[in-house]
Amino acid sequence: MNSKIHKLLLKTDRIMSKKIYAPLLAAFLFFSTLTSLNAQLILRGPYLQSPGPNSIIIRWRTDTPTDSRVYYGTSIGSQTLFADSATATTEHRVKINGLTPLTKYYYSVGTTTNTLRGNDAALFFNTAPDASSHSPIRFWTIGDFGHGNDGERKVRDSYLQYSQNTGHPADAQIWVGDNAYSDGTEAEFQSKVFDTINGYGNVFLNLPFISTSGNHDYNSICPWQNAQGIPVLCGQDPNTHTGPYLNIIDPPTLGELGGVASGRKIFYSMDYGDVHIASMNSELGSYTSAYNWTGVLNTSQTFTSPMLDWLKADLAATTKKWKVVIWHQTPYSGQDNFTEENSVQIFCTATRHHFNPILEQYGVDLVLVGHDHNYQRTFLINGHYGGKPDFDSATMMINGTSGREAEEGPYVKYTNGPLSGVGTVYVIAGNSSEGNTYSPIMHPAIYWGEACDTCYGSFIWDVNGDRLDGRYLTATGEIKDSFTIVKQQWNSIQKTEPLANKVKVAPNPFTDQTEISFALNSNEEVHLDVYDISGKKVASNDYDNTKTGRQIYIFDGKNLSAGQYFYELKTEEQSLRGKLMLVK
Ligand SMILES: [Fe+2]
């Protein structure tokens, strides 16, 4: 630029600054301040609900009421499509329809005249596979996570790291209850769940959650105990339940995403890819029998309720390859103060008595619960509806191995034949922000568990065609447990009845001696070994002429220390491992 002209412009600029720019600047600042004072702020979200192949719901909260608009498109800079809601509200809800399955969309949220947040790489959603697709999908289950503490943050960050390492983020997060401590209040959800420091505020921008409620969430819906901690049970009609948790979630209640309409947020179902997920409610206990839909303190085998009737209809109707049920209160636990028939854990007992027979009747593959603040999971089991001492491995243990492909092989669920649909794995994922160490984990149905005051983790599971892989991911990034379930035709692989069906251990747990027995239809050589928890062999035996009747081995633990032992039975074609629990 010519130097004379430049100097002139600078001089002019100084004059203008004093005479014109200053008043203009003051006016600008005045109106800017007014504008910023009145600017609508996002106080929660956005977050994603009811993820489907062709639709999704986007929710967010603002400080002042306006209408709502979501812009969306398949690239950040090209969000040309939009969906509106004309209602003036601070609780914004926009449902987008007409989406393409298995597609990544970026989105922005705001009003019909102003975008509040958008053109942001973090704001996206992926649509689900359509009904005919069998695409691999991943779910991430967290339970008892709402403390807003270091544990919650570490569990979140370990998943994010795992997701990055494997190049496969989850398609949805699954909550199994006690989502916000201690009472599931609005303020607790805001500060401990939607928070971005220890909570999931940023995760929810692009990861939908599918949820159920826990007893702590229900403290702000219909409490089950009084201020002294004495069970009083909720006395309200479940159809009238309202509260913060139910206001936050937006699940498909009318069968919009598959499943039978429940008409209620308190329990519902949906499909995602090859998976059917039913969200049950373990908290619906009441002394008023008409409202006791969980069946708390009711031991009748013919007990039913509107929730159980719906579950039967829902599971009977689904044709999905994989059936998964979630609720909060664990039916089985190897920690002594949980799940057995006592006054405190009556909800746990009720789910075992009344939920499990129905879901096993319809071939449910996986059950996800929380409540117990640790990780535990069962063998592949069936038919255990009583207390811990009632577990009969001869009839209830469908596969007593680890279920790991690299060890004894995956759990097999047959799609036809005498064991068609038989066998369920129950997972407790209740340590996503709190751990405990009440007692060692000892239960004949539990394969493995981890319990300590600082043991945090979550459960990741993948579905890919005929295969389901489950993994326990600790807050420190370790995979400490895994198992696989595969679906197979009975006739295509089955030469003899599985050894697992023929083995019986009783009593177990035991104090002095226990009987390990089996019966085979064929005459095979069978070898038995018993190991302690360090892997040291403590007993063994060989059998011939096994077709001659039930073979019985008496394992004597009088001179052994209390604790876990493992038996292993081997034939030429099969092997089977199971747990023995010696108590003194
Ligand atoms: Fe709980």
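Before reading further, recall that the structure is shown in the block above.
Conventions adopted
- Residues numbered from 1 in each chain as written.
- Predicted model: local features only at pLDDT ≥ 70, side-chain atom pairs only at ≥ 80, totals over all residues.
- Heavy atoms only, no water.
- Helix = DSSP H or I, 4+ residues; strand = E, 2+ residues; numbered from the N terminus.
- Buried < 20%, exposed > 50% of the residue type's maximum accessible area, 1.4 Å probe, protein only.
- Contact = heavy atoms within 4.5 Å.
- Donors = N, O, S within 2.8 Å, 3.2 Å for Na, K, Ca; no water.
- Tetrahedral: all angles 85-135°; square planar, octahedral: opposite > 155°, others 65-115°.
- Polar contact = N/O pair within 3.5 Å; in protein donor to acceptor, adjacent residues only side chain to side chain.

(A) Main features of the environment of S432. By the element assignment, S432 lies in the loop between β18 (425–429) and β19 (446–450). For S432, a relative accessible area of 0% corresponds to the buried category. Distance from S432 to E152, taken between C-alpha atoms, is 5.8 Å for residues 280 residues apart in sequence. With sequence-adjacent residues up to four places away left out, S432 is seen in contact with I142, G143, D144, F145, G151, E152, V155, G457 and S458.

(B) Highlighting the coordination of the iron ion. On the protein side, the iron ion has D178 (OD), N215 (OD1), H328 (NE2) and H371 (ND1) as donor atoms, found 2.1 to 2.2 Å from it. For the iron ion, the four donor atoms in the first shell make angles of 88 to 164 degrees at the metal, so the coordination geometry reads as irregular. Summarised as a motif, the one-chain spacing of the donors to the iron ion is D-x36-N-x112-H-x42-H. With D178 in the loop between β8 (172–175) and α3 (186–192) and H328 in strand β12 (residues 322–329), this pair connects stretches of sequence that are 150 residues apart. Grouping residues by exposure puts D178 and H328 together as buried.

(C) Fine view of the environment of W60. Mapped onto the secondary structure, W60 falls in strand β2 (residues 56–73). Since its relative accessible area comes to 1%, W60 is described here as buried. Each C-alpha atom, one on W60 and one on T90, is 8.0 Å from the other, the two residues being 30 residues apart in sequence.

(D) Representation of the side chain of S458. Within the secondary structure, S458 sits in strand β20 (residues 457–464). Among the polar contacts listed, one links the side chain of S458 to the side chain of W140, at a separation of 3.0 Å. If sequence neighbours within four positions are ignored, S458 has contacts with W140, T141, I142, V155, S432, R471, Y472 and L473.

(E) The environment of V94, seen in detail. Structurally, V94 is set in strand β3 (residues 81–96). Linking V94 and D84, residues ten residues apart in sequence, is a C-alpha distance of 6.4 Å. Excluding residues that lie within four positions of it along the chain, V94 makes contacts with I56, I57, I58, W60, S68, V70, A83, D84 and S85.

(F) Up close: unusual backbone geometry. The step from G45 to P46 runs through a cis peptide bond, and the omega angle for that step is 5 degrees. Of note, the amide linkage connecting Y181 to S182 takes the cis form, showing an omega dihedral of 0 degrees. For S182, the position within the fold is in the loop between β8 and α3. A positive phi angle is found at D144, which is not glycine, with a value near 50 degrees. Counting through the fold element by element, D144 comes out in the loop between β7 (137–142) and α2 (150–166). On the basis of relative accessibility, which here comes to 0%, the residue D144 falls in the buried class. Positive phi outside glycine occurs at H371, with the angle close to 80 degrees. The topology assignment puts H371 in the loop between β13 (366–370) and β14 (375–378).

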